Amino acid sequence: MREEIHTIPIEDAFSKDCECPVCEMYRKLEENAINFTVGPCASYMESDIREQSDAQGFCQKHFQKLYTYPNKLGLALILKTHMDKTVNDLEKAAKAALPKPNALFKKKEIQPHAVTDYITAYQKECFVCSYIHRNFDRYIVSIFRLYEKEADFRVKFASSKGFCIEHYKVLFEKAPAYLSKKYLEEFLNVLNQLFLENFKRVRDDLEWFIQKNDYRFRDAPWKNGQDALPRALTKVGSIWEEGE
Ligand SMILES: [Zn+2]
Ligand SMILES: [Zn+2]
């Protein structure tokens, strides 16, 4: 059953005209996670969810995304109790014995302390990221399951526009854990070819975009150069434009 549930978001992502279907899967999950956090039917008023978001907080990227969302009051409520918890925890941590000056031969060494240990752990946590990752890993496994089971999906996969460099890595390194001998080599060959061919295609589009800025090519057709820059950013940085 579980595999069936994940078929739809994967089929959808691979049907979309984009530079990385895995980014597209991620983007949808992120959208769901933001909606789940501050959307119209948001869960932030439920105490168990609130406890989680109080404890985890958010990473810089997701604080920014939450802030651009219209529900300012929801975000303020979430932040207020998150800050309450942070104050409590840091007050406790600050009671630990303070660091002494570094010994001469360890001048640049950073001494561990409850305060900085707390902040280091705090910076690694994000409520939205953890929501995404829980589902994302299952989606990746479903890509391999579909690849093995469905001939139609293998065709769809091979006719995609390739992947960003990050998700090329994810697919490459996880494939041996999930694909059988029958499909692994074929998958990796298709993946390598797809990635490189399409990465080069976007690089060439970018080259044309650059040339078009030269007055001598001002009247030449744009071909695929016009949106080459955002597409190149997807390929190299897994960055996509909002609202697509
Ligand atoms: Zn990607
Ligand atoms: Zn995050």
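Placed above this text is the structure.
Residues numbered from 1 in each chain as written. Chains lettered and ligands numbered in written order. Predicted model: local features only at pLDDT ≥ 70, side-chain atom pairs only at ≥ 80, totals over all residues. Heavy atoms only, no water.

Participant: Honestly, the coordination of the zinc ion (ligand 2) in this entry has me stumped. Any pointers?
Facilitator: Any two of four tetrahedral donors ideally make an angle of 109.5 degrees at the metal, while pairs among six octahedral donors ideally make 90 or 180 degrees. Of the protein atoms, only Cys59 (SG), His62 (ND1), Cys126 (SG) and Cys129 (SG) coordinate the zinc ion (ligand 2), at distances of 2.0 to 2.3 Å. Counting residues between consecutive donors of the zinc ion (ligand 2) along the chain gives the motif C-x2-H-x63-C-x2-C. One end of the pair, Cys59, is in the loop between helix H4 (47-56) and helix H5 (60-68); the other, Cys129, is in helix H8 (residues 127-149), with 70 residues separating them in the sequence. Neither Cys59 nor Cys129 differs from the other in exposure class; each is buried. (Donors = N, O, S within 2.8 Å, 3.2 Å for Na, K, Ca; no water. Helix = DSSP H or I, 4+ residues; strand = E, 2+ residues; numbered from the N terminus. Buried < 20%, exposed > 50% of the residue type's maximum accessible area, 1.4 Å probe, protein only.)

Participant: Got a minute to help me understand the packing of aromatic side chains in this structure?
Facilitator: Pairs of aromatic rings are described using the distance from one ring centre to the other and the angle between the two planes. Evaluation of the coordinates by the stated rule reveals 23 aromatic pairs. Each ring, one from Phe14 and one from Phe163, has its centre 6.2 Å from the other, and the planes form 65 degrees; the classification is edge-to-face. You can see Phe14 sitting in helix H2 (residues 7-15) and its partner Phe163 sitting in the loop between helix H9 (151-158) and helix H10 (165-178), a full 149 residues away along the chain. Here the aromatic rings of Tyr26 and Trp240 are separated by 6.0 Å at their centres, their planes lie at 65 degrees, and the arrangement is edge-to-face. Of this pair, Tyr26 sits in helix H3 (residues 21-38) while Trp240 sits in the segment after helix H12 (228-237); the two residues are 214 residues apart in sequence, bridging distant segments of the chain. For Tyr26, a relative accessible area of 13% puts it in the buried group. On the basis of relative accessibility, which here comes to 17%, the residue Trp240 falls in the buried class. Through pairs of rings, three or more aromatic residues link up here, namely Phe14, Phe144, Tyr147, Phe153, Phe157, Phe163, Tyr178, Tyr183 and Phe187. Above the plane of the ring of Tyr67 lies Lys72, whose end atom (NZ or CZ) is 4.5 Å from the centre. Seen from the ring of Trp222, Lys212 lies directly overhead, with NZ or CZ sitting 5.0 Å from the centre. (Phe/Tyr/Trp six-rings, centres within 6.5 Å; stacked < 30°, edge-to-face > 60°. Lys NZ or Arg CZ within 6 Å of the ring centre and 35° of its normal.)

Participant: Please clarify how the environment of Cys129 should be interpreted in this entry.
Facilitator: What makes Cys129 buried here is its relative accessible area of 17%. In contact with Cys129, not counting residues within four places along its chain, are Cys59 and His62. (Contact = heavy atoms within 4.5 Å.)

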